[in-house]
Amino acid sequence: ELKVEQNPLFLSMQEGKNYTIYCNYSTTSDRLYWYRQDPGKSLESLFVLLSNGAVKQEGRLMASLDTKARLSTLHITAAVHDLSATYFCAVDRDDKIIFGKGTRLHILP
Amino acid sequence: EAQVTQNPRYLITVTGKKLTVTCSQNMNHEYMSWYRQDPGLGLRQIYYSMNVEVTDKGDVPEGYKVSRKEKRNFPLILESPSPNQTSLYFCASGRPWDTGELFFGEGSRLTVL
């Protein structure tokens, strides 16, 4: 059974600081996704990682994938308040796309 | 505009009264899926469909039905809703094996009394 675990589940941080969200999954997977959800809103795709060693960056967010360790990270550089949201990773296996529980990120001014 | 449309967005109903949440996408996607989101549990997949007339169970299919008679539509049916189906429901569509990302609807908040 495919399980997806995110750490931490809640993160409160100061503006300007760096931090990393971790996503572990239990079995081999074809793809790994990162999504963002603002309060009361739908989910928005951030990154799709397709292969071992893949790294993608958009603004202050950078995602990476290590398929051997079954680990993806979402790194936040010099956080700003606008990045406050819940971040989900999701893993694709046999056409099922399974989500982690999400990391609620709260960035303090 | 490319979008996934769900209806209704909000619904309060009573136990046992059958209801359908509709989902329609205009992007010609083969893959569609339903999720429910509950506090502390993230998103859990209910059903998914790889194409017309092809549907499969996700992790929490009990109490739900789906159909995929047309490519654009993927309704979620609750034959006899119960209070434990009170949740926020999201429909999504995409081509996971191609571009990878899923496009989500705005969500349907369902309360079963």
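What comes next is a walk through the structure. Values in this document were obtained by computation on a predicted structure and should not be read as measured data.

## As for the sheet that holds strand E8 (residues 76-78) of chain B
Residue and element names in this part refer to chain B. Read across the open sheet, the four strands follow the order E1-E3-E8-E7; overall the sheet is antiparallel. The strands lining the two open edges of the sheet, one partner per strand, are strand E1 (4-7) and strand E7 (65-66). Judged from the four bridges that link them, E1 and strand E3 (residues 19-25) form a sheet pairing that is antiparallel. Across the sheet, the residue bridging to Thr5 is Ser24, located in E3.

## Considering the environment of Leu49 of chain A
Residue and element names in this part refer to chain A. Within the secondary structure, Leu49 sits in strand E5 (residues 43-49). Given the relative accessible area of 0%, Leu49 is considered buried. The spacing of Leu49 and Arg31 is 18 residues in sequence and 5.9 Å in space, taken between C-alpha atoms. Those residues within four positions of Leu49 in sequence are excluded, and the remaining contacts are Arg31, Leu32, Trp34, Ala54, Lys56, Ala63, Ser64, Leu65 and Ser72.

## Examining the side chain of Gln85 of chain B
All names here are of chain B. Structurally, Gln85 can be placed in the loop between E8 and strand E9 (87-94). Separated by 3.1 Å, the side chain of Gln85 and the backbone oxygen of Gly63 make a polar contact. Apart from residues no more than four positions distant in its own chain, Gln85 is found in contact with Arg36, Glu62, Gly63, Tyr64, Leu78, Ser80, Leu110 and Val112.

## Thoughts on the interface of chain A and chain B
Across the boundary between the two partners, chain A contributes 19 residues, which contact 23 residues of chain B. Interface of chain A and chain B: buried area, both sides summed, is about 1700 Å²; carbon and sulfur atoms make up 54% of it. Inspection of the chain A/chain B interface yields one salt bridge. Residue Asp59 of chain B pairs with Lys96 of chain A through a salt bridge whose shortest N-O separation is 4.0 Å.

## Side note on the sheet that holds strand E3 (residues 19-25) of chain A
The strands making up a sheet are joined through hydrogen bonds of the backbone, oriented either antiparallel or parallel. Residue and element names in this part refer to chain A. An order of E1-E3-E8-E7-E6 is seen for the five strands of this open sheet, with the pairing classed as antiparallel. Each edge of the open sheet carries a strand with a single partner, namely strand E1 (4-7) and strand E6 (55-58). On average, each strand axis in the sheet is inclined to that of its neighbour by 15°, with strand direction left out of account.

Rules used in this analysis
- Residues numbered from 1 in each chain as written.
- Chains lettered and ligands numbered in written order.
- Predicted model: local features only at pLDDT ≥ 70, side-chain atom pairs only at ≥ 80, totals over all residues.
- Heavy atoms only, no water.
- Pairing = 2+ DSSP bridges.
- Helix = DSSP H or I, 4+ residues; strand = E, 2+ residues; numbered from the N terminus.
- Buried < 20%, exposed > 50% of the residue type's maximum accessible area, 1.4 Å probe, protein only.
- Contact = heavy atoms within 4.5 Å.
- Polar contact = N/O pair within 3.5 Å; in protein donor to acceptor, adjacent residues only side chain to side chain.
- Buried area = accessible area lost by both parts, 1.4 Å probe.
- Salt bridge = Lys/Arg side-chain N within 4 Å of Asp/Glu carboxyl O.
- Axes fitted to C-alpha atoms, helices over the stretch in contact; angles between N-to-C directions.

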